[in-house]
Amino acid sequence: MRRRRIYNPLTELLAAVLLVVLVLVVNRWEFSLAVLVLVVVPAVVSSGRPRQIGLAVAVVAGPLLLSSLLLHGLFYPEGSTVLADLGPARVTAEGLSFAALMGLRMSVFTGVLLTAAMTLEVPELLATMTHRGWNRKLVFVVGSAVGLIPHVALRARQITRAQQARGLVVGRGPLARLRALLTVTTPLVIGLLVDASERNHMLGARGFSSTVARTSYLPDTDTPGQRIARRVMLAVTAVFSTAWLILPVVTG
Amino acid sequence: MISIESTSFAYDDGAPLLVGVTLAVQPGEYVVVAGASASGKTTLARLLAGQTGADAGAVFRGAVTLDGETIRFDGAPTDPRIDPAAWSARVGFVAQGAWGQLSMMSASVGEEIAFGPSNLGVPTDQLRSLVADVAAALTLTPLLNHDPRRLSGGQLQRTVIAAAMAQRPAVLVLDEPFQGLDDDSAQDVADALEVLRGAGTAIVVCEPMLPRAAPEGARVLALADGRPVFDGLLTDARGAGLRRYGIGTAGDPPRLDPASDPTGPHGRELVTLRGVGFSYPSGRRGDDRSACLAGVDLSLHAGEIVALRGSNGSGKSTLLQHLNGLCRADAGSVSLAGVPILRQPTGALAACVGFLFQDTDQQLFERTVLREVSYGPFAAGHRRDDAVRRASEALERVGLGALEEAHPYELGFVQRRLVALASIIATGPAVWALDEPTAGLDDPARTLLAALVTAHARGGGAVVLATHDEAFARAVAHRSVRLEGGRIMPEDHPSV
Amino acid sequence: MSSSLTLSTEPTAQRPRRLLVALGGALIVATYLFLVIVQPAEIAGGMGSVASLVSLFGFLGGGALLVGGILPTLTTSSLVVMPLGIALNIAIGQIAGSLGMQIYLDAIGTVLVAVLAGPAAGAATGALSNAIWGLFNPFALPFAAGAALIGLLAGLAAKHGAFRRVYLAPLAGLVVGAIGGLVAAPVAVFMFGAAGTFGTNAIIAVFRSMGDKLLVAATKQGLLSDSVDKIVVFVVVALIVYALPQRAVRQFPFARTYRVLGARSGERTAQPAAGNDRVA
């Protein structure tokens, strides 16, 4: 189901972020389109789960693209080339090209980051962070939050069922909905806080406040080569970005 | 090796607990701390685990001696503070409710077991061999790569025990480790504890009742209202008349008032299931580990009490949830008093079917017990003052009349269960659907539950209870229905 | 009398890394000022890429510095509720959806942590929340600094008594929401051209049709919708924390020390009616 992983998650995340930065730096629709076609699409297709990722990208980015097109396509007071005048709304060429630029940028943004995130092995990422000596509190909060999300969603569903079993019927008005939200959230929060208080004791007992470097049960999948590669990628992007932004200013 | 002398222990507003309690545990011993709800056994377990409650506003006077080192507490702010990490390396502790003891950041059982040592900087290869050893002792080896958040109750409990044992403490303290487990899982956990004890670990187990089976030579310290009432061998404890302190023996039938003998079915059919088939949508499978149903017929008349029996995953909970519309049959039909359940919202059926969940805490959300219990009748359409009156009466019946203004979560586990039961009584549905109603109850509450259930049936209601508690089912139910793999198995009808 | 089993009586409080926190805060403020002052050049093109880069690095980097400065100072009792707050932020969004609510409510966890564990924990929760949410929804990522600010302000409000009376909570929500909306607007504009849901974009469209610049229109919209959202969030959190058992609140030194919650009904002296008619 999952593709065979070649690089460490940290490397892949960094690559994704740097790609986003490059798209922002260059800020031309040609470049965004090229990244989209040459990098994002192949990455999604070869991810091993193209359907899920494709669907997620569509769900996340689709409404944004559409509403952005409507907003800038119809309302762009700065635009001078009027293609159609619809009373208060005017379709302008500038508005459409702005919408296209932003749309492409958002597509790359979503495609790159979601592909990286949805093929990400969270345990491996946490193990790498631990092996690289990241702050243990950060690793705990990130790991624990990611682990809690499905648990919280499941518990919320169970509580909703339990409340229905004792007579909760969700009404239509906003106040009724707010009340329904509270009948679910309150026991959810109380239950989670009770767990958290026990987890507090557990962390104490398991020596979480110790100051030595934490170790990981999972082996280190990071390699010296990748560590160097990450630094090189970072440096190249930094140099390129500076050059790209400064050169036009210097050369006038 | 560890001993405790408690003069008193009190939360800032509460009555003193653990007055004059002493307990000494030797290597390889098996000690049961037995007591009904609010007897102070959890407090004692936490003291043994080095949690004196000073950070939560509790005041402890007494002394704890561990490996010859005595630490005294005078209830003053200058009292010594126990180093939890150093303490847990010698005394492992498994609290009630496994979820709070998972770090939630481990995607595998192996990582969870290694959580403690990895915090102390044990290198990866040593972690691996350490985890392998602990896992082998607790027969967790095949589960090492499983997600701890998707284990069954027994497996989860053993994982938490393994995590507490990773640093090889000489004493292991467990607070109600068998709560909510079916017989097989409980046996697995008991076997795991026996392996640890065989290696010299002293085991202290807190239980609401005396265990039916325990290792030979097991000792019992019985508590009632925070005071010791018995200290001796388990074999002697059974004959010591501890029931007057609310401490029964697990597996004993509840005491029923002879006059309350259930009369049996009389009158109209309240619940009818015809050829009910049901399967969970594939996406939701990981949810509740619930099983599917196939071709289930069941009929329930007024005055009848039916026990649903069967192992975990046999479909008991799923069947129960068909009665109030939480699950909707894919095939066949479900009717309540002749009215088929079609598209009515579950909330609207609450007036006809009262449902007690296995995990009652998910139902409680109000600020006071009284408001909590009056929610049901109010939602069912009673006027507010009427709802409050019904709630008050229901609370009297479950013996919580004095706690109307308490916060539901400041009550103990047993009392919270009774609050949920009172909610059903106050709403007044004809059919009760109870999912594992006796799990974790102490003897008085179990007896009370038996009385309430039979009284409800005598009053023309009907009760279905899914339970592992054979003695309870036999004492209370008119007949048992056995489920296996979502089908009803033919069975003899043990009549009372 | 220290032994191998007890802790020394001197609590080893970790000093906050004030430099990091100050740098992070300064970076966020500077970024905001830069974006607001430079904005006239934005729409005409030219500065576009710089502005979006600045908003990405300024807000994200500022958030990261804040987290880096705050995290080491947090006690484990604060630490264990932060994942809970993060998970709540994300999960309640889903419940709100399943119940058909029209607002996001994606800061309930942040505000809850801020009220119980204080402004520092709240800020870190907000920032990390959006960083983790970015794994599911990349559009949340650049708003990390805004979320941190919400947590920080909610914690400060709680410290100064905004939750001691239930009726004060919506006022605090209004103020915090307005500030949050101000800060979020430039991010939305420079990163995504102010793309949002159809609802928020409709509001922007109205202002745009009146000739407002995109940043101005987005800021006005932010002021409007974030205030409403935060009012609801603060009220929900206030109702939740007042429904919590005292024992659950008492475990947090912040809530205890600053008496974040006022006298509570539901204790022995049950107060009549006031705010009691949630079921009505």
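Scroll up for the structure.
This one's a predicted model, so the numbers in the text were calculated from it and none came from an experiment.

Calculation criteria
Along each chain, numbering runs from 1 in the same order as the chain's sequence is written. Whichever chain is written first is A, and whichever ligand is written first is 1; the rest continue in order. Only residues with pLDDT of 70 or above have their local features reported here, since the model is predicted, and side-chain atom pairs are shown and tallied only from 80 upward, although totals for entire chains, interfaces and linings are computed over all residues. Calculation of side-chain values draws on the structure's entire complement of heavy atoms; hydrogens and water are dropped beforehand. Runs of E in the DSSP output that reach at least two residues are strands. Runs of H or I that reach at least four are helices, and both are numbered from the N terminus. The quantity called the radius of gyration is restricted to C-alpha atoms. Its globule counterpart is 2.2 Å times the number of residues to the power 0.38. For the exposure calls, accessible area comes from a 1.4 Å probe over protein chains only, and a residue counts as buried if that area is under 20% of its type's maximum, exposed if over 50%, partly exposed in between. The criterion used for residue contact is that any of the two residues' heavy atoms lie within 4.5 Å. Note on areas: Shrake-Rupley with a 1.4 Å probe; residue coverage comes only from the protein chains shown. A positive count includes Lys and Arg, and a negative count includes Asp and Glu. His and the chain ends are not counted in either. Every charge is mapped onto a representative atom, which is NZ of Lys, CZ of Arg, CG of Asp or CD of Glu. By buried area we mean the combined loss of accessible area, with a 1.4 Å probe, across both parts when two parts are placed together. By definition here, a salt bridge exists when the distance from a side-chain nitrogen of Lys or Arg to a carboxyl oxygen of Asp or Glu is within 4 Å. For the purposes of these results, a polar contact is taken to be a pair of N or O atoms within 3.5 Å, where, inside protein, one atom must be able to donate a hydrogen and its partner to accept one; residues adjacent in sequence count only when each atom of the pair is a side-chain atom. We call Asp, Glu, Lys and Arg charged. Ala, Val, Leu, Ile, Met, Phe, Trp, Tyr, Cys and Pro are nonpolar, and the rest, Gly among them, are polar. Pairs of strands are assigned from DSSP output, requiring at least two bridges between the strands. Working convention: axes come from line fits to C-alpha atoms, limited for helices to the stretch in contact. Angles between N-to-C directions cover 0 to 180 degrees. Under the pairing criterion, centres of Phe, Tyr and Trp rings, with the six-membered ring standing for Trp, must be within 6.5 Å; the plane angle then separates stacked pairs below 30 degrees from edge-to-face pairs above 60, leaving the rest tilted. Should the NZ of a Lys or the CZ of an Arg lie within 6 Å of a ring centre and within 35 degrees of the ring normal, that charge is described as sitting over the ring. Nonpolar core, defined: a set of buried Ala, Val, Leu, Ile, Met, Phe, Trp, Tyr and Cys residues in which side-chain atoms within 4.5 Å join the residues together. Residues with no salt bridge and a relative accessible area higher than 30% make up the patches, which join like charges within 9 Å and nonpolar side chains (Val, Leu, Ile, Met, Phe, Trp, Tyr) within 5 Å. Whenever a pair of cysteine sulfur atoms sits within 2.5 Å, that pair is classed as a disulfide.

Asks: Is there a simple way to explain the overall build of chain B in this structure?
Replies: Along the backbone of chain B there are 14 helices and 21 strands. For 496 residues, the compact-globule estimate of 2.2 N^0.38 gives 23 Å, and the C-alpha radius of gyration of chain B, at 24 Å, lies within 12% of that figure. Taken over the C-alpha atoms alone, chain B extends approximately 70 × 50 × 40 Å along its principal axes. Looking at chain B as a whole, 58% of its 496 residues qualify as buried. Excluding contacts between residues fewer than 6 apart, the proportion of contacts in chain B whose partners are at least 24 apart in sequence is 70%. Total accessible area on chain B is roughly 18500 Å²; 51% of this is exposed by carbon and sulfur atoms. Considering chain B, the positive charge centre built from 43 side chains and the negative charge centre built from 57 side chains are found 5 Å apart.

Asks: For this particular structure, what's the right way to read the overall build of chain A?
Replies: A tally of regular secondary structure across chain A gives eight helices and two strands. Of the regular secondary structure in chain A, the N- to C-terminal order runs α-α-α-β-β-α-α-α-α-α. Here the C-alpha atoms of chain A give a radius of gyration of 24 Å, more than 25% beyond the 18 Å that 2.2 N^0.38 yields for 252 residues. Each principal axis of the C-alpha distribution contributes one length, and for chain A these read about 65 × 60 × 35 Å. Across the 252 residues in chain A, those meeting the buried criterion constitute 54%. The long-range fraction of contacts in chain A, counting pairs at least 24 apart against all pairs at least 6 apart in sequence, stands at 72%. As displayed, chain A offers around 11000 Å² of accessible surface, 70% of which is attributable to carbon and sulfur atoms. Here chain A carries 25 positive and 11 negative side-chain charges, and the mean point of each set is 10 Å from the other.

Asks: How should the interface of chain C and chain A be read in this particular structure?
Replies: As a measure of interface size, the accessible area lost when the parts come together is often cited. Opposite the 78 residues of chain C that make contact, chain A presents 65 residues. Of the roughly 6100 Å² buried where chain C meets chain A, counting both sides, 79% is carbon and sulfur surface. Counting across the chain C and chain A interface gives zero salt bridges. Linking chain C to chain A there are four residue pairs in polar contact (both at pLDDT 80 or more). Going through the elements one at a time, α2 (48-70), α3 (76-79), α4 (81-98), α5 (108-117), α6 (119-136), α8 (168-192), α9 (198-209) and α10 (214-243) of chain C are the ones with two or more residues in the side of chain C that touches chain A. Among the elements that make up the side of chain C that touches chain A, the one with the highest residue count is α4 of chain C (12 residues). Residues belonging to the side of chain C that touches chain A are distributed by class as follows: 56 nonpolar, 17 polar and five charged.

Asks: Would you mind going over the sheet that holds strand β8 (residues 171-175) of chain B with me for this structure?
Replies: What links the strands of a sheet is backbone hydrogen bonding, and the strands pair in either a parallel or an antiparallel sense. Residues and elements named next belong to chain B. Taken together, the six strands give an open sheet; going across it, the order is β7-β8-β9-β3-β10-β11, and neighbouring strands pair in mixed fashion. Every other strand in the sheet has two partners, leaving β7 (91-94) and β11 (227-233) as the edge strands with one partner each. Neighbouring strand axes in the sheet, compared pairwise and without regard to direction, differ in orientation by 15° on average. Packing of helix α5 (residues 153-165) onto the sheet brings it into contact with β7 and β8, and relative to β7 it is tilted by some 155°.

Asks: How should the side chain of T215 of chain A be read in this particular structure?
Replies: Here T215 of chain A lies in the loop between α7 (174-205) and α8 (224-250). Residues within four places of T215 of chain A in sequence aside, it is in contact with T130 of chain A together with P117, S118, G121, V122, P123 and L127 of chain B.

Asks: Would you explain the interface of chain B and chain A in this entry?
Replies: With 65 residues of chain B at the contact, the number on the chain A side is 49 residues. Summing the contributions of chain B and of chain A, the shared interface buries around 4700 Å²; its carbon and sulfur component is 56%. Of all residues in chain B, M105, N119 and Q362 of chain B bury the most surface against chain A, accounting for 15% of the area lost on that side. Counting across the interface, chain B meets chain A through two salt bridges. Close ionic contact of E372 of chain B with R166 of chain A constitutes a salt bridge, the shortest N to O distance being 2.5 Å. The interface formed by chain B and chain A includes 19 residue pairs in polar contact (both at pLDDT 80 or more). Residue assignment for the side of chain B that touches chain A shows that the elements contributing at least two residues are α2 (84-88), α3 (109-119), α4 (124-137), α5, α9 (346-349), β17 (353-356) and α10 (369-379) of chain B. The class makeup of the residues in the side of chain B that touches chain A is 34 nonpolar, 21 polar and 10 charged.

Asks: Looking at this structure, how should I read the packing of aromatic side chains?
Replies: For any pair of aromatic rings, the description rests on two quantities: the centre-to-centre distance and the angle between the ring planes. Evaluated as defined, the whole model comprises eight aromatic pairs over all chains. When the centroid spacing of 5.3 Å and the interplanar angle of 45° are considered together, the rings of F60 of chain B and F73 of chain B count as tilted. One end of the pair, F60 of chain B, is in strand β4 (residues 58-66); the other, F73 of chain B, is in strand β5 (residues 69-74), with 13 residues separating them in the sequence. Grouping residues by exposure puts F60 of chain B and F73 of chain B together as buried. Ring geometry for F254 of chain C and Y258 of chain C: centres 5.2 Å apart, planes at 45°, overall tilted. Among the aromatic residues, those joined into a cluster by ring pairs are F140 and F208 of chain A together with F115 of chain B. Over the ring of Y217 of chain A we find R128 of chain B; its NZ or CZ atom is 4.3 Å from the centre of that ring. Above the face of the F378 of chain B ring, R384 of chain B is positioned so that its terminal group lies 4.6 Å from the ring centre.

Asks: Hey, could you run me through the nonpolar core in this one?
Replies: What tends to happen in soluble globular proteins is that the nonpolar side chains get buried as a cluster. Residues I161, L172 and L193 of chain B together with M82 and F163 of chain C are the most contacted members of the largest nonpolar core, which totals 237 residues. Element by element, the count of residues in this core is highest for α10 of chain C, at 13 residues. Other than its neighbours up to four places away in sequence, L172 of chain B contacts G92, F93, V94, I161, A164, M165, L193, L196, T201, A202, I203 and V204 of chain B.

Asks: Explanation requested: the pattern of salt bridges in the structure shown.
Replies: A side chain with one charge may pair with a side chain of the opposite charge, provided their charged atoms come close. Residue and element names in this part refer to chain C. All told, the structure shown has 25 salt bridges over all chains when counted by the stated rule. Across the salt bridge formed by K220 and D212, the nearest N and O atoms sit 2.7 Å from each other. K220 gets classed as partly exposed once you look at its relative accessible area, which sits at 33%. Residue class for D212 comes out buried when judged on its relative accessible area of 16%. With its nearest N and O atoms 3.1 Å apart, the salt bridge here joins K230 to D229. The residues K230 and D229 share a single accessibility class, namely buried.

Asks: Just checking my understanding: could you explain a nonpolar patch on the surface for this structure?
Replies: A surface patch of nonpolar side chains, amounting to about 550 Å² of accessible area, comprises L66, L69, L70, L83 and L96 of chain A together with F198 of chain C. Residue position: L96 of chain A is located in helix α4 (residues 93-118).

Asks: What's the story with the state of the cysteines in this structure? I'm lost.
Replies: A covalent bond between the sulfur atoms of two cysteines is what we call a disulfide. Residues and elements named next belong to chain B. According to the stated counting rule, one finds zero disulfides over all chains in the structure shown. C352 forms no disulfide, and the closest cysteine sulfur to it belongs to C327, at a distance of 17 Å. For C352, a relative accessible area of 36% puts it in the partly exposed group.

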